[in-house]
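Fold and geometry: a report
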Amino acid sequence: MFSTFLLCQIIITLICQTLCYEPTEKDLKCFNDYEREMKCSFESDGLISCSGYKLSITRNEADVLKEYTCIFERSHHSPSCECKIEVQGFSTSEIFTTTLLEGTNILLNENFTTHDFIKPKTPVLSVQKTENGNFNVTWDDKYTSYSTGHFVESLEIHLSYRIKGEDETFSKKVSNSVGFFEIVGTILQPNTDYILTARMSTNYNEHKILSDQSAPVEFTSPSSPNDIVRTVLRDIIKIPRLFKHIYISFFE
Ligand SMILES: *[C@@H]1O[C@H](CO)[C@@H](O)[C@H](O)[C@H]1NC(C)=O
Ligand SMILES: *[C@@H]1O[C@H](CO)[C@@H](O)[C@H](O)[C@H]1NC(C)=O
């Protein structure tokens, strides 16, 4: 009798661990892009329906309280529920008061101060080969003229490049206002495919939140000078067999 009761308890506890899941304070994550968007999410394993949850957001804008309702939806790229709202710009030390609700049931309250939760937009990279065999990396920070110039200058880009198919990564941080970074061709392995990605951060929160990673771009390093000489000689000059032998033994 007693053991049946105990068994029931254990089973109920196990079922509840998966079904009676409720998000807690540490689960709710919010980010703003310091332009127009605030996005929140909490992890969930797919058993719950995200649309049963909503986040009520209040901001105090020049002493006028503005309220927003953020309805959660299942994320397409991670096991979580996500919601987002559009706002008319941000200011650094403003407080967003949030309440997470399941139906009408209050699960938690949390306050977010704008500068603490800025996650910059994902940059878009491009690479151009220069005349002297280097690679000029430029990017679009995706902020429009609407954003304040001051914020755009607070951004830093974290560039990472590596040989395609290898793990070892070379990194470089560049201030967004510099606008480009030149990768010197001669430090690269000759005639090799490289992959470059980037993330952005801001000194408004001491660079502690990185943007999502940009789409990768690829570039191919130049052939070594020796390779070029060989190719030129082989392709352009039609060397008679005899001379070709001499040429090859000379270069190799
Ligand atoms: C959030 O801020 C409001 C006023 O700005 C305050 O009344 C409330 O206690 C704060 N809540 C939390 C959870 O810190
Ligand atoms: C890289 O490209 C940018 C934008 O086109 C340009 O302003 C900059 O001078 C270029 N840098 C080099 C080293 O070529």
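Since the structure is predicted, the reported quantities are computational estimates derived from the model, not experimental observations.

1. What about the nonpolar core?
In this structure, M38, L55, F72, L125 and L159 are the most contacted members of the largest nonpolar core, which totals 48 residues. Per element, the largest residue contribution to this core is five residues, and it comes from strand β11 (residues 155-163). Here this core spans two domains, and each of domain 1 (24-117) and domain 2 (124-221) adds at least three residues to it.

2. A word on the site of ligand 2
Every residue close to ligand 2 is listed here: N136, T138, F180 and E182. A distance of 2.3 Å separates an oxygen atom of ligand 2 from a polar atom in the side chain of N136. Isolated, ligand 2 exposes 360 Å² of accessible area, and the fraction of that covered by the protein chains is 45%. Elements that contribute at least two residues to the shell around ligand 2 include exactly β10 (135-140) and β13 (180-183).

3. Remarks on the pairing of strand β9 (residues 124-129)
Sheet topology note: the β9/β10 ladder contains six bridges and is antiparallel. Within the sheet, the bridge partner assigned to V127 lies in β10 and is V137. The hairpin turn running from β9 into β10, its antiparallel successor, is five residues long, and G133 in that turn takes a positive phi close to 80°.

4. Topic: the sheet that holds strand β2 (residues 37-43)
If you walk across this open sheet you meet the four strands as β1-β2-β6-β5, and the pairing is antiparallel. Of all strands in the sheet, those bounded by a partner on one side alone are β1 (29-32) and β5 (73-74). Here β1 pairs with β2 via four bridges, running antiparallel. Paired with C30 across the bridge in β2 is C40.

5. Things to note about the packing of aromatic side chains
Evaluated as defined, the whole model comprises 14 aromatic pairs. Ring centres 6.2 Å apart and planes at 20° place the aromatic pair Y34 and F90 in the stacked group. With Y34 in the loop between β1 and β2 and F90 in the loop between β6 (80-86) and β7 (95-102), this residue pair connects regions lying 56 residues apart in the sequence. Measuring from centroid to centroid gives 5.5 Å for Y34 and Y204, while their planes differ by 75°, and the two rings are edge-to-face. Pair noted here: Y34 is in the loop between β1 and β2 and Y204 is in the loop between β14 (193-202) and β15 (217-220), with a separation of 170 residues, a long-range link. A residue is classified by how much of its surface remains accessible, and Y34, at 10% relative accessible area, is buried. Ring-pair connections join several aromatic residues into one group, and the members of that group are Y34, F90, F96, F112, F117, Y143, F151 and Y204. A cation over a ring is seen here: R59 above F90, with NZ or CZ 5.9 Å from the ring centre. The lysine or arginine in question, K121, covers the ring of Y143, its NZ or CZ lying 5.1 Å from the ring centre.

Conventions we followed
Residues numbered from 1 in each chain as written. Chains lettered and ligands numbered in written order. Predicted model: local features only at pLDDT ≥ 70, side-chain atom pairs only at ≥ 80, totals over all residues. Heavy atoms only, no water. Core = buried A, V, L, I, M, F, W, Y, C linked by side-chain atoms within 4.5 Å. Buried < 20%, exposed > 50% of the residue type's maximum accessible area, 1.4 Å probe, protein only. Helix = DSSP H or I, 4+ residues; strand = E, 2+ residues; numbered from the N terminus. Domains from an automatic or database assignment. Near = heavy atom within 4 Å. Polar contact = N/O pair within 3.5 Å; in protein donor to acceptor, adjacent residues only side chain to side chain. Areas by Shrake-Rupley, 256 points an atom, 1.4 Å probe, with all protein chains shown as cover. Pairing = 2+ DSSP bridges. Phe/Tyr/Trp six-rings, centres within 6.5 Å; stacked < 30°, edge-to-face > 60°. Lys NZ or Arg CZ within 6 Å of the ring centre and 35° of its normal.

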